Amino acid sequence: MNIPNYNHLQTPLRQTQPSSSSSTSRLLLLLTFLPLTLAALAFVLQWRGGLTDPATRWSPPGSYQFPGMEASTLSPISRHSTPSASDCLKLGRSVTPSFPYYQDWKFDRGSNLKPKICITTSTSAGLEQILPWMFYHKVIGVSLFFLFVEGKAASPDVTRVLQSIPGVKLIFRTRELEEQQAKSRIWNETWLSGFFYKPCNYELFVKQSLNMEMAITMARDAGVDWIIHLDTDELVHPVGAQEYSLRQLLHDVPGNVDMVIFPNYESSVERDDIKEPFTEVSMFKKNFDHLPKDTYFGMYKESTRGNPNYFLTYGNGKSAARIQDHLRPNGAHRWHNYMKTPNEIKLEEAAVLHYTYAKFSDLTSRRDRCGCKPTKDDVKRCFMLEFDRAAFIVASTATQEEIVDWYREHVVWGDKDVKIKLLKKGILTRINAPKVIIQGLRESGVFESVIASASETRSKEKFLSSISISSSNSSKAVASQSLPSRSNKYQATARKALGIEPDEWHQPAVPPQSPPGIDVETLNLVGGI
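Reading the values: rules and limits
- Residues numbered from 1 in each chain as written.
- Predicted model: local features only at pLDDT ≥ 70, side-chain atom pairs only at ≥ 80, totals over all residues.
- Heavy atoms only, no water.
- Salt bridge = Lys/Arg side-chain N within 4 Å of Asp/Glu carboxyl O.
- Helix = DSSP H or I, 4+ residues; strand = E, 2+ residues; numbered from the N terminus.
- Buried < 20%, exposed > 50% of the residue type's maximum accessible area, 1.4 Å probe, protein only.
- Pairing = 2+ DSSP bridges.
- Axes fitted to C-alpha atoms, helices over the stretch in contact; angles between N-to-C directions.
- Contact = heavy atoms within 4.5 Å.

With respect to the pattern of salt bridges
Applying the stated criterion across every chain yields a total of 21 salt bridges. Across the pair aspartate 225 and lysine 114 runs a salt bridge whose closest N-O atoms are separated by 3.7 Å. Placement of aspartate 225 in the loop between helix 7 (201-221) and strand 4 (226-229) and of lysine 114 in the loop between helix 3 (83-86) and strand 1 (117-123) is noted, with a sequence separation of 111 residues between them. Judged by relative accessible area, which is 38%, lysine 114 ranks as partly exposed. Arginine 160 is the salt-bridge partner of aspartate 157, the closest N and O atoms lying 3.4 Å from each other. Highlighted residues: aspartate 157 and arginine 160, both in helix 5 (residues 156-162), separated by 3 residues, approximately one helical turn. Each of Glu150, Arg173, Glu178, Glu203 and Lys207 takes part in salt bridges that share partners, so that together they form one network.

Here it is as structure tokens:
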């Protein structure tokens, strides 16, 4: 009987055993390293250092992200710039506002961005007010700042920090500057003369106009396209464009427009203990130009609450001017041109947010820096607007308790029913974008960084030298002296050289003006109040 031979079956079986073992080992190895790989990948994706965000990598050049808006299509970034040095991340995308900025807190994006915008101001404020004001406007697209400084703003500690920030030019109010401005064109013209030789607000108005004239020249030399005059208690609110961006807003202005007017909104504080208005105030009273007339006049009494005017202070807004030949200031609120009447437009949505009397200390600070007598007749020499006059008299004559009570009655919005009613009518509005941006900048350490950097990057010798120079400039500052007298010779020479007609010469500058008030004609228009 033949026995079957199974050797041919055993050999393949023995050969498959090593192969099966190898496959099992590979599978175990894969299962071991797969979780480790996934964990490493998750770590890399969550790591916020150095790596380029894929969204940034594939974004088109120049797509600067402003709060809650779409990508910009303005001028391209320089080839040498990096995303970490030029991008500003979006805000308002989560329940908790945040500002996750990149490391370049100086916001120096180069000079190729168009249009190029500068802001000029005359200020005596400290860093606690200037830095939030400045970096907010950097975020929305301002490239250059011409700061005419005196008082606290001209002190060594403040100027050392400001001079370290790219795009900032400081001009100190020295006697040499005043002598130079006494020879300037507008000083020897008469359209500004109605504001001369008066103290406090009138003197400030003249200083602002003279400083604006110098700023025009500096802006032209720097290749600026638009210039704006703002105080350091004012923020531009650039709504109405595709982005929350002043650059985008002015980029969209037609080329034949010479001046853009921003109606101002006035802060409406809800507490008497405000310390940082930019981040603690979000309620504003809308301008007359942005309200239906029947709503404005129909709710006028509820809006004023017994105050002299609808706004506590001015209501005629601020303006931006296109840099061009023959441009000149026309007071702190407007611009003009020697050779033509500027073609101007008034924006229907964008505004200037004016944080006026937002802090209780604003009452006493105005009192301390003005040397007028607290009488109804004398305060007219110092202040142009009625509420400023009343506030000065109260701050100068009342007790501390009486001043607090007056502030609560005339400034603080304590009546919730009236407030809710005016919010529903649209007279009062909530605006949070500036608050979110500035709070985000503060939480990100931007202001602390610029202050620390100003000290760390300068040697001891340069630091001491800057103190000496700043102290010299500050000591030369003239806080209350009158400007040099104007000469009839200068006036006659200027008139002859310019060939300006007398009627044109005597057109007065545009002062701060109150919004429209209630009169008999208005009562008939709205059918009575």
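Thoughts on the sheet that holds strand 4
Read from one edge of the open sheet, 7 strands run 3-2-1-4-9-6-12, paired in mixed fashion. Two strands close off the open sheet at either side, each with one partner strand: strand 3 (168-172) and strand 12 (344-346). In this sheet, neighbouring strand axes are inclined to one another by 20° on average, regardless of whether the strands run parallel or antiparallel. Taken together, the 4 bridges between strand 6 (residues 259-262) and strand 9 (residues 318-322) define a ladder with antiparallel strand orientation. What sits directly across from phenylalanine 262, in strand 9, is lysine 318. Contacts from helix 4 (residues 127-139) reach strand 1, strand 2 (144-149) and strand 3 within the one sheet, and its direction differs from that of strand 2 by about 160°. In the packing of helix 7 onto the sheet, the strands contacted are strand 1, strand 2, strand 3 and strand 4, and the crossing angle to strand 2 comes to about 145°.

Here we look at the sheet that holds strand 13 (residues 351-354)
The strand order across the open sheet formed by 5 strands is 5-13-7-8-14, and the pairing between neighbours is mixed. Both outer strands of the open sheet, strand 5 (234-237) and strand 14 (428-430), are each paired with one neighbouring strand and no more. The sheet shows a mean angle of 35° between the axes of neighbouring strands, taken without regard to direction. Each of strand 8 (283-285) and strand 14 touches helix 16 (residues 416-425); the most contacted strand, strand 14, lies at about 80° to it.

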